[in-house]
Amino acid sequence: MRILAFGDSFVAGVGDPDHQGWLGRALAGRPEVTVYNLGVRGEASADIARRWAAEAQARLTEAEPCGIVFSFGRNDANAAGGGGSRLSPAESLKTAHLLLTQGARLAPVLMVGPPPAEEPALAARLEALNEAFKTLCARLKVPYLDVLRPLAVSGTWLAEARAGDSAHPGAGGYQLMADLIAAHPAWRRFIGQD
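This report concerns the structure included in the present document. Keep in mind that what you see is a predicted model, and the values were worked out from it rather than measured.

1. What about helix α9 (residues 171–183)?
Here comes step 1: When the terminal C-alpha atoms of α9 are compared, their 18 Å separation across 13 residues agrees well with the 18 Å that a helix rising 1.5 Å per residue should span.
Here comes step 2: Where α9 is concerned, the buried positions are G173, Y174, M177, A178 and I181. Taken end-on, α9 shows its buried residues confined to a sector of 135°, consistent with a single buried face.

Here's what the structure looks like:
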């Protein structure tokens, strides 16, 4: 099986000293899965929308099952000059709708929500965006893995981010995210484990 994961620095695993991030950890011990980590630091959903199709076409095959994972939102919600977020919630939802519907024409699609942030205004924007993504995915019948609250409540993600660059955790935070994802029934079905 091939898994193509498109997203931002959290998909790429920035800050993980083991260079696995949540994606590598969630698929550890699954040598039959070929993983294409297509996370790019600093990208918002609009950036992913500009590049994903060409990158997917180069990696999808009819010879084996494929799946596409999208995970973004933190950079969409990050503060922009003049206040507010880098992308408006409406722009983020429109782009997510485009990515999910176009991706579903090529392979099964799954979305992983954004991780938490400590800064109150950003945390509030992420909470609202997370709920909007969840609603959109339900409407499109795309599995949505909500990791925002569990990661915030655990304390590990935010503590490691605080000790690092204030955004990205270390190995413990990524392991916690991987554990949440790997245990989710939708993920297990997605990777053919159940």
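That covers the picture; the talk isn't over yet.
2. Thoughts on the packing of helix α8 (residues 156–163) against α9
Here comes step 1: Direction vectors running N to C along α8 and α9 enclose 150°, while the axes themselves pass 8 Å from each other. Between α8 and α9, the angle falls in the class roughly antiparallel. Between α8 and α9 lies a crossing whose hand is left-handed. Taken together, the residues of α9 that come into contact with α8 (itself represented by T156, W157 and E160) are A171, G172, G173, Y174, L176 and M177.
Here comes step 2: Each residue belonging to the contact of α8 with α9 can be placed in one class, and the counts come to 5 nonpolar, 3 polar and 1 charged.

3. Some remarks on the sheet that holds strand β2 (residues 34–39)
Here comes step 1: Read across the sheet, 5 strands follow the order β2-β1-β3-β4-β5 without closing on themselves; strand pairing throughout is parallel. Only two strands of the sheet have a single neighbouring strand rather than two, namely β2 and β5 (144–145).
Here comes step 2: For strand β4 (residues 109–112) and β5, the ladder comprises 2 bridges, and the chain directions are parallel. Its bridge partner lying in β5, V112 is registered against L145.
Here comes step 3: Sitting on the sheet, helix α3 (residues 45–57) touches β1 (2–7), β2 and β3 (66–71), and the angle it makes with β1 is about 165°.

4. A few points about unusual backbone geometry
Here comes step 1: The phi dihedral of K141 falls on the positive side, at around 60°, and the residue is not glycine.
Here comes step 2: With respect to the element layout, K141 can be found in the loop between α6 (120–140) and β5.
Here comes step 3: The exposed category is assigned to K141, whose relative accessible area is 75%.
Here comes step 4: Backbone geometry at S166 places phi at a positive 80°, although glycine is not the residue there.
Here comes step 5: Note that S166 resides in the loop between α8 and α9.
Here comes step 6: According to the relative accessible area criterion, S166 is exposed, its value standing at 55%.

Cut-off values and rules
- Here, residues in each chain are numbered from 1, in the same order as that chain's written sequence.
- Where totals are concerned, whole chains, interfaces and linings use all residues; where local detail is concerned, this predicted model gives features only for residues with pLDDT of at least 70, and gives and counts side-chain atom pairs only at 80 or more.
- Side-chain figures throughout are based on the complete set of non-hydrogen atoms in the structure, without hydrogens or water.
- We count a stretch as a helix when DSSP gives it H or I for four or more residues in a row; a strand needs E for two or more, and each element gets its number in order from the N terminus.
- One fewer than the residue count of a helix, multiplied by 1.5 Å, yields its expected span.
- Note on exposure labels: buried denotes an accessible area under 20% of the residue type's maximum, exposed denotes more than 50%, and partly exposed covers the range between, all computed with a 1.4 Å probe on protein chains only.
- Each direction from the helix axis to a C-beta atom contributes to the arc, which is the arc of those directions.
- Every angle, taken between N-to-C directions, lies between 0 and 180 degrees, and every axis is a line fitted to C-alpha atoms, over only the stretch in contact when it is a helix.
- Roughly parallel refers to an angle under 35 degrees, roughly antiparallel to one over 145, roughly perpendicular to one between 65 and 115, and oblique to any angle outside these ranges.
- When the near helix sits turned anticlockwise from the far one by under a right angle, the crossing is termed left-handed; a clockwise turn instead gives a right-handed crossing.
- It only takes one pair of heavy atoms within 4.5 Å for two residues to be counted as in contact.
- When residue character is reported, Ala, Val, Leu, Ile, Met, Phe, Trp, Tyr, Cys and Pro are called nonpolar, Asp, Glu, Lys and Arg charged, and the others, Gly included, polar.
- Two strands qualify as a pair provided DSSP detects at least 2 bridges between them.

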